[in-house]
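An overview of the molecular structure
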Amino acid sequence: PAVLSQDFQINSVCCRTRSLPSMAFITPHAIAFVAVLAFHAGTALAMRDGNPGAPSIDAPVDEATLPKQHRVPDDVVFRIVKSLSGKDLATFSARHVRWALEDNLGYPRNSLWSERSKVVQALAPIIEIIKDDRKKRVNIAGKACSGTSESTWNPGTWYQGTCNDYETSCIKADGEFALDGQEGKCYVAHKRRCRQQDPGDGTSGACVAGYTCRGFWTWSLGGSVGTVGDPGHTGASSLKLYGFCVNPNGSEDTLEWKSFRWHMSSAAYSGTRAYTTD
């Protein structure tokens, strides 16, 4: 049985979603597939409804000409995120999202017209995630920096050095972290969380050279030592939409490298790519 999270229920967004069995092939641990984004469906939509001069998503139509109407699928959030891949959100509107959903599902144009409000509601929390990442964007990529004594003895700082953005590291030209007194430049390090500025744009996350900022749906199973993957695990985390600086060849896309086993705790991480580009 699926383990449901209380943080965010997709049925509050699009009305009917239960677990997402269509996604369960990703990993044997994927028993907690509900879309948990920690945002609420009532958040205001930041994207304009239509291009200038084009009808809005709520523009009246001759209902007699509409094709058979369908309901939005249970996995609408995942499909919407993929539809945003590589799009310019200043021009890709909520109406375009509905069209993209219709194309993805193989439906004739306007087959989801009666569900347009649910499309907007499902899109709203995704836009909030994008807005938050833009607000916290790294603005100092490539800035000269120096390693410090703290960044040398305390790996928890991610070798931040004199970089004045805590999500960046001071990295030398050879790709290694700058130690005390060594010179480098500020970038987001390999395997660190990054923030795409446009959905699916791997170049927009300020990753150090050789890595791409890739968007993932990620979740984990937690437990005490020796119980991860066992029926006695302590619980599943919320499903999150995060970016990480990873190898562009796909070798790190499962996010298993985030898993750990400590003295009194452990976690098994899984992930799947959120976008069709990066």
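Residues numbered from 1 in each chain as written. Predicted model: local features only at pLDDT ≥ 70, side-chain atom pairs only at ≥ 80, totals over all residues. Heavy atoms only, no water.

What follows concerns the packing of aromatic side chains. Taken as a whole and assessed by the stated rule, the structure comprises five aromatic pairs. An angle of 90° between the planes, with centres 5.8 Å apart, marks the rings of Phe 244 and Trp 257 as edge-to-face. In this pair, Phe 244 is assigned in strand S7 (residues 240–246) and Trp 257 in the loop between S7 and strand S8 (260–261), connecting sequence segments 13 residues apart. Relative accessible area serves as the criterion here: at 24%, Trp 257 is assigned to the partly exposed category. An aromatic cluster is present here, built from Phe 216, Tyr 242, Phe 244 and Trp 257 joined pairwise through their rings. The side chain of Arg 116 reaches across the aromatic face of Trp 113, ending 3.7 Å from its centre. (Phe/Tyr/Trp six-rings, centres within 6.5 Å; stacked < 30°, edge-to-face > 60°. Helix = DSSP H or I, 4+ residues; strand = E, 2+ residues; numbered from the N terminus. Buried < 20%, exposed > 50% of the residue type's maximum accessible area, 1.4 Å probe, protein only. Lys NZ or Arg CZ within 6 Å of the ring centre and 35° of its normal.)

Turning to its location among the elements, Thr 212 is positioned in strand S5 (residues 212–223). Exposure remark for Thr 212: the relative accessible area of 8% places this residue in the buried category. Setting aside residues no more than four positions away along its own chain, Thr 212 makes contact with Gly 202, Cys 207, Phe 244, Cys 245, Val 246, Pro 248 and Asp 278. (Contact = heavy atoms within 4.5 Å.)

Let's shift gears to the state of the cysteines. Covalent bonding between the sulfur atoms of two cysteines defines a disulfide. This model, assessed by the stated rule, comprises four disulfides. Across the disulfide, Cys 163 is cross-linked to Cys 186 (sulfur-sulfur distance 2.1 Å). Its S-S torsion of approximately -100° makes the covalent link between Cys 163 and Cys 186 left-handed. One end of the pair, Cys 163, is in the loop between helix H5 (149–153) and strand S2 (169–171); the other, Cys 186, is in strand S3 (residues 183–187), with 23 residues separating them in the sequence. Each sulfur in the disulfide pair Cys 194 and Cys 213 lies 2.1 Å from the other. Handedness of the Cys 194-Cys 213 disulfide follows from its S-S torsion of about 100°: it is right-handed. Within this pair, whereas Cys 194 is found in strand S4 (residues 193–194), its partner Cys 213 is found in strand S5, the two being separated by 19 residues in sequence. There is no split in this pair, since Cys 194 and Cys 213 are both buried. (Disulfide = S-S within 2.5 Å.)

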